[in-house]
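Topology and contacts: notes
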Amino acid sequence: MSIRIDGEEIKVIVFQIKEKEYAIPVNQVRAIEKVLHITRVPKTARFVKGVINLRGVVTPIIDLRARFEIEETEYTESTRIIIVSLEDMEVGLVVDAANDVVDIPAANIEPQPEVVGTVEAEYISGVAKVEKRLMILVNLEKILNPAELKEPIMIEG
Amino acid sequence: MDMNQYLEVFIDESKEHLQTCSEQLLELEKNPDNLSIVNEIFRSAHTLKGMSATMGYEDLANLTHKMENVLDGIRNNKITLNPEIFDVIFQAVDDLEAMVLSISEGGDGKRDVSKVVGQLQLIEKGESPLAGANANAEVAATAAPVKQEGMKGIYDEFELTVLQQSWEQGFQSYEITIALNEDCLLKAARVFMVFEVLEKSGEVIKSLPSADQLEEEQFDQDFMVTFLTKETKEDLSKKIMKVSEVQRVEIREMDHLTLREQGSERAEEQTGRELLPQADASKPEASQVETNKKVSNSRQSNNKTIRVNIERLDILMNLFEELVIDRGRLEQISRDLNNQELHETVERMSRISGDLQTIILNMRMVPVETVFNRFPKMVRTLARDLNKKIHLEIVGAETELDRTVIDEIGDPLVHLLRNAIDHGVETPEVRRASGKDEVGTVVLKAYHSGNHVFIEITDDGAGISRERVLKKALNNGIVTAHTAASLTDKQVYELIFASGFSTAETISDVSGRGVGLDVVKNTIESLGGTVSIDSREGDGSTFLIQLPLTLSIISVMLVEIQKEKFAIPLSSIIETAIIRKEDIMNAHSQQVIDFRGKVLPLIFLKDIFEVPVFSEDEEFLSVVIVRKGDKMAGLVVDSFIGQQEIVLKSLGNYLNSAFAISGATILGDGQVALIVDCNSLIK
């Protein structure tokens, strides 16, 4: 993961999924949008909700709840789409809420504790503690791995 | 000094110079005595040498230098041209091209050129590049020395030759000065009318200022033309004066003697007509002012162009599309508010953005010439390798196509050309035996028609043999003996596009490994185009490629399935129909209908695309009948919305391959609609 540890602090966008707080470095975030009309794309992975028109660019949307295999809920007023970019891909991530930008001292980032077993553990690159908040740093490379697009499809097809 | 910033410019310019070199070389081969062509090549080679030396590409500079020496020898009549020398120079240009290509791909531009360099040196010393053929080189130079000063100020060699010739044929030449009224508003239109009058009674060979300066009204009141005719001064003057707003016409007879003196040394040169490139010669004389080559040459130098990265144009296009979507919303709002002023402003904005759209789309258009211009050399090499005599005619090279199509179309065309030359055109002996001209003709023709561009490759060779194609197809298991008999000629020809097919009895270097034509077909279809064949055994074949004008904007039929909208490209739609539910029949597990006497399989898009169902089926079904090649299918949808021009977009790099979806588009309401890929729905 491309977090620069050498500096004292990294700036992250904090978002919520099911009462947990997650973080993505700001340099990977292009924009944060309210939920726009999503056009469903048939026969693709279950977590791909479809595509949106992001200022003239057709952008795929991933529901992070579905990606982390957490039960999905209806979108609400606070639901946000975080547009992230990785290499030549631009993808929107649907999250429950996103409203914070936080500086995390690099020293506070710890590797993921090994007591895992949940799906989301694969997509985590570290855990950071700032004051009393615990933030999970997500691993975008893993989340956006195109190889995983193929696998859960075609069950009902 | 950091050279990287200049690298791109260097590569672009080198390519241009090399292109000039090969074009002029081909020209020179036809007119070996025309030293002005040698000068042209020499200049390009010289610039290239200078540039590559500056950029530090020693091999490139070295080879160019050797080539330049030979050209210099030819220019000064120390070396007489013969086919071997041409071959060596062509080889040198090929090597140079390969080196530039290697540089543009990030390589160091190094290449073993010692053989060519050696041959060039031999030529330079006046020896034949091929051992044992020395006699050729000893033939003394007979061409007259070129007079350096000449009349370049007023007429160039080409024009002098034309003048000279026309005198011999009894034409009279005049210099006509025409002055327009001072208050003339549409000067260009008047000029055009004057030219039109002139073209009817003779030929304009030069104008001052040049034709396009005239077209752009870059002159005061008067202009001068040099004109060849058999009519008298008086008649001409009367005719021109009939054009309104012409104030005065002065006609001066040209002095033969002074011109003849300076032109005499060039009298032996080939006639001017043959200097015209074929593409120009066969171009219909659509624009009256562009009739001679000099005029079109000067246009090139007058063109003010800049290089723009294609990506920037894409960004511009994207931004513009957003504007179009917002425009749609504004129009809606203005209708709702019913405010006159707002209404007018929005309408004005719509018009302007319409113009803008045309301009942006046009910017992406490139003449097919950029693809065609490498073919003459390729055909020449191929013809020599195969010991065939081939004349390549290019028509309509100025036809414009979207940049993305241009980038893709090169390889398929190369393949079809090679195919035509290798399998189509016969050897000179066979041609003579069957009473044809020894020289085979291959015509490459491009033209617009409606929303499509057509490219035709026609040869006058042996044509396609139905028996041989069928025999091969049977052997390769592409058709069964039973179906073979019932196929039409056209269907038989289509078989050569099937994969694993090759009719050449022996596999040659050039084409015929059986991997080719199906790839051609696939590439063209992936561009939204089609390819078809027409052939008459003994008379030759024609391959016709139909391509969309642009890839970024296509016409679609919008349909609705439950609450979702999909776009189906018009290019694959045959027609639409509404059928009754009880007309559906079952054939095995497939639902079909009887449509105009044919059994038409139905594809329920609702099921294929797993559309969430909100309302139940009705009694009538809307069906879009689509085709892939000669197979058809009916796509069942809920309702038709209508036909629309849409901007094609990809689904983004993350979702690059969705099932049966070829892309997406943004509709007027800002929502995304998916484009159905009919080709993958029909098996």
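An unreviewed UniProt entry lists chain B under the name Chemotaxis protein CheA, from Peribacillus glennii. The record held by UniProt for chain B lists under Catalytic activity (unreviewed entry) the comment "ATP + protein L-histidine = ADP + protein N-phospho-L-histidine."

Within an unreviewed UniProt entry, the label attached to chain A reads Chemotaxis protein CheW, and the organism entered is Peribacillus glennii. The record held by UniProt for chain A lists under Subcellular location (unreviewed entry) the comment "Cytoplasm".

1. Quick notes on the pattern of salt bridges
Tallied over the entire structure, the rule returns 30 salt bridges over all chains. Because the salt bridges share partners, they merge into one network encompassing Glu-29, Asp-87, Arg-380 and Arg-384 of chain B.

2. What about the nonpolar core?
Nonpolar side chains tend to gather and get buried jointly when the protein is soluble and globular. Phe-15, Leu-93 and Leu-144 of chain A are the most contacted members of the largest nonpolar core, which has 61 residues in total. Residue contributions to this core peak at 4 residues, all from strand E7 (residues 89-95) of chain A. Discounting residues that sit within four places of it in the chain, Leu-144 of chain A has contacts with Ile-62, Val-84, Leu-86, Met-89, Val-91 and Leu-93 of chain A together with Tyr-654 of chain B. Core analysis: the second largest hydrophobic core is formed by 54 residues, Val-368, Leu-401, Ile-457 and Leu-527 of chain B among them.

3. Regarding the environment of Gln-172 of chain B
Position of Gln-172 of chain B among the secondary structure elements: in strand E1 (residues 172-180). For the pair Gln-172 of chain B and Thr-229 of chain B, spaced 57 residues apart in the sequence, the C-alpha separation amounts to 5.4 Å.

4. Examining the sheet that holds strand E14 (residues 573-580) of chain B
Residues and elements named next belong to chain B. Taken in spatial order, the 6 strands line up as E14-E18-E19-E17-E16-E15 in an open sheet, and their pairing is mixed. The sheet is open, and its two edges are formed by E14 and strand E15 (585-587), each paired on a single side. Sheet twist, expressed as the mean angle between neighbouring strand axes with direction ignored, is 40°. For strand E18 (residues 620-628) and strand E19 (residues 631-637), the ladder comprises 7 bridges, and the chain directions are antiparallel. Bridging from a neighbouring strand, Lys-628 pairs with Lys-631 of E19.

Criteria and cut-off values
- Residues numbered from 1 in each chain as written.
- Chains lettered and ligands numbered in written order.
- Predicted model: local features only at pLDDT ≥ 70, side-chain atom pairs only at ≥ 80, totals over all residues.
- Heavy atoms only, no water.
- UniProt positions renumbered as here; feature names shortened; annotations may be inferred.
- Salt bridge = Lys/Arg side-chain N within 4 Å of Asp/Glu carboxyl O.
- Core = buried A, V, L, I, M, F, W, Y, C linked by side-chain atoms within 4.5 Å.
- Buried < 20%, exposed > 50% of the residue type's maximum accessible area, 1.4 Å probe, protein only.
- Helix = DSSP H or I, 4+ residues; strand = E, 2+ residues; numbered from the N terminus.
- Contact = heavy atoms within 4.5 Å.
- Pairing = 2+ DSSP bridges.
- Axes fitted to C-alpha atoms, helices over the stretch in contact; angles between N-to-C directions.

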